[in-house]
Amino acid sequence: MPDHRLSRSDLSRLADEIARIAATAGEAILEVYGQDIEVVSKEDDSPLTRADLASHRIIRDALARLTPDIPLLSEESAAIDFETRSSWQRYWLVDPLDGTKEFINRNGEFTVNIALIDRHEPVLGVVYVPVTGVTYTGIVGIGATRQEGGQAALPISVRIPCADPLVVVGSRSHANPALAEHLEALGHHELVSMGSSLKFCLVAEGKADFYPRLGPTSEWDTAAAHAVVVAAGGRIVTLDGQPLQYNRKASYLNPEFLVISDPSRDWLAPFQS
């Protein structure tokens, strides 16, 4: 696998291709969405549908054609031992259907997530929303965009300074009672519930200021939207203030983290006391 740095033109070209792949996967998801949804449980009791698998197969095959020299780690093909993947400097990290619970509940808040990880950090991410046809794209060092249907892609950026009151986004399917205590220290704020990686995208496009995640997530849940947030001028840090990174350990679980907009504000203090 090549270890050279990807150029801006390389990343831009890949972003266009990845957006098309994500949209194709989204079409397959919507075909299942319009039918009776059959759900099975995986070993960790998380739900799995035919839509997850159909999306996975489309993305897997398309990426194999597009970049045969870059390995793939997908939620639906995660049985790769750490000894093997620890040698990867660059790889695709994919959640074929992020927000399966939202998909089952038919609220539309689910996404297709495709990220390119380079040296433990996301450098490119595409988040596609099948129900609305919206595509969020982030190329770190270049910028982030939001594209609706066939319209032109428009640049997005985090909101600086933050709104007053703050807009804090939280998980719709994974409520955390302990979070309220931490949020009190932020002062007056508005809490918005949202499913899947759309929470990150609200911060990236300046519609929310802060997303604290104290519950469990896996690396494929966050990587694509992570790239969008960083490309839009935001940051994602663990509770010790370090950047969230990928493929550093055998477990796929992320540490707790904060998605922040305005870097001049001390977001960490309420979570470190």
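Preceding this paragraph is the structure being described.
Residues numbered from 1 in each chain as written. Predicted model: local features only at pLDDT ≥ 70, side-chain atom pairs only at ≥ 80, totals over all residues. Heavy atoms only, no water.

## As for the overall build of the protein chain
Rules: Strands here are runs of E lasting at least two residues and helices are runs of H or I lasting at least four, both read from the DSSP assignment and numbered beginning at the N terminus. Each radius of gyration is computed over the set of C-alpha atoms, and the globule rule expresses the reference value as 2.2 Å times the number of residues to the power 0.38. Exposure classes here rest on a 1.4 Å probe applied to the protein chains alone. A residue is buried below 20% of its type maximum, exposed above 50%, and partly exposed in between.
Across its full length, the protein chain holds eight helices and 14 strands. For the protein chain, the C-alpha radius of gyration of 18 Å lies close to 19 Å, the compact-globule estimate for 273 residues. Along the first, second and third principal axes, the C-alpha atoms of the protein chain reach 50 × 45 × 40 Å. Classification of the 273 residues of the protein chain by burial places 53% in the buried group.

## Details of unusual backbone geometry
At the junction of Ile160 and Pro161, the peptide bond is cis and its omega measures out at 0° in the coordinates. Structurally, Pro161 is set in the loop between β9 (154-156) and β10 (166-171). Following Asp164, the chain continues to Pro165 via a peptide bond in cis, the omega torsion being 5°. Mapping Pro165 onto the fold places it in the loop between β9 and β10. One non-glycine residue, Arg119, lies in the positive phi region at around 55°. Tracing the chain through its elements places Arg119 in the loop between β5 (111-118) and β6 (121-129).

## Some thoughts on the pairing of strand β7 (residues 134-139)
What counts, and what does not: Being paired, for any two strands, means DSSP has found at least two bridges between them.
With respect to burial, β7 is a largely interior element, six of its six residues being buried. Here β6 pairs with β7 via six bridges, running antiparallel. Residue Gly125 lies in a different strand from β7, and its bridge partner there is Gly138. The antiparallel pairing of β6 with β7 creates a hairpin that spans four residues between the two strands, and Gly133 there sits at a positive phi of about 75°. Pairing analysis gives six bridges linking β7 to strand β8 (residues 143-148), with the strands arranged antiparallel. Residue pairing for β8: Val134 is matched across the bridge by Glu148. Counting the residues between successive antiparallel strands, the hairpin from β7 to β8 contains three residues, one of them, Gly141, with a positive phi of roughly 90°.

## What to know about the nonpolar core
Basically, it comes down to this: Side-chain atoms within 4.5 Å link the members of a nonpolar core, which is a set of buried Ala, Val, Leu, Ile, Met, Phe, Trp, Tyr and Cys residues.
Leu93, Tyr136, Phe200 and Val259 are the most contacted members of the largest nonpolar core, which has 39 residues in total. In terms of residue count, helix α7 (residues 219-231) provides more of this core than any other element does, seven residues in total. Among the nonpolar cores identified, the runner-up in size contains 30 residues, and Leu6, Ala25, Leu124 and Tyr128 belong to it.

## Observations regarding the sheet that holds β6
Condition: Inter-axis angles, ranging from 0 to 180 degrees, are taken between N-to-C directions of lines fitted to C-alpha atoms, where helices are fitted over the stretch in contact. Contacts are assigned to residue pairs with any non-hydrogen atoms lying within 4.5 Å of each other.
Here we have seven strands laid out as an open sheet, ordered β3-β4-β5-β6-β7-β8-β9, and mixed in their pairing. A single partner strand is all that each edge strand has here, and the edge strands are β3 (72-74) and β9. Going across the sheet, the axis of each strand differs from the next one's by a mean of 20°, ignoring polarity. Strand contacts of α7: β4 (90-98), β5, β6, β7, β8 and β9, with the helix running at about 100° to β6, the strand carrying the most contacts.

## A look at the packing of aromatic side chains
We apply this condition: Geometry of aromatic contacts follows a simple scheme: Phe, Tyr and Trp rings, the Trp one being its six-membered ring, pair when their centres are within 6.5 Å, and the pair is stacked under 30 degrees between planes, edge-to-face over 60, tilted otherwise.
Evaluation of the coordinates by the stated rule reveals 10 aromatic pairs. Between Phe210 and Trp267, the ring centres sit 4.5 Å apart and the planes meet at 25°, which makes this aromatic pair stacked. Remark: Trp267 occurs in the loop between β14 (257-260) and α8 (269-272) and Phe210 occurs in strand β12 (residues 210-213); sequence separation between them is 57 residues. Across the pair, Trp267 and Phe210 agree in class, each one buried. Arranged with centres 6.1 Å apart and planes meeting at 90°, the rings of Tyr211 and Phe257 form a pair that is edge-to-face. Of this pair, Tyr211 sits in strand β12 while Phe257 sits in strand β14, and the two are 46 residues apart along the sequence. A relative accessible area of 0% means that Phe257 is categorised as buried. An aromatic cluster of three or more residues is present, and its members are Tyr33, Phe103 and Phe110.

## Things to note about the pattern of salt bridges
Side chains that carry opposite charge are capable of pairing whenever their charged atoms lie near each other. Where we set the bar: The term salt bridge refers to a side-chain nitrogen of Lys or Arg lying within 4 Å of a carboxyl oxygen of Asp or Glu.
Summed over all chains, the structure comprises nine salt bridges. Notably, a salt bridge pairs Arg90 with Asp118, separated by 3.5 Å at the nearest N-O pair. With Arg90 in strand β4 and Asp118 in strand β5, this pair connects stretches of sequence that are 28 residues apart. Summarising the burial analysis for this pair, Arg90 and Asp118 share the class buried.

## Brief notes about helix α2 (residues 50-66)
We count it as follows: An expected span of 1.5 Å times one less than the residue number is assigned to each helix.
Taking 1.5 Å per residue, 17 residues should reach 24 Å; α2 reaches 24 Å between its end C-alpha atoms and fits that length. Every buried residue belonging to α2 is among Ala51, Asp52, Ala54, Ser55, His56, Ile59, Ala62 and Leu63, and all of these are buried.

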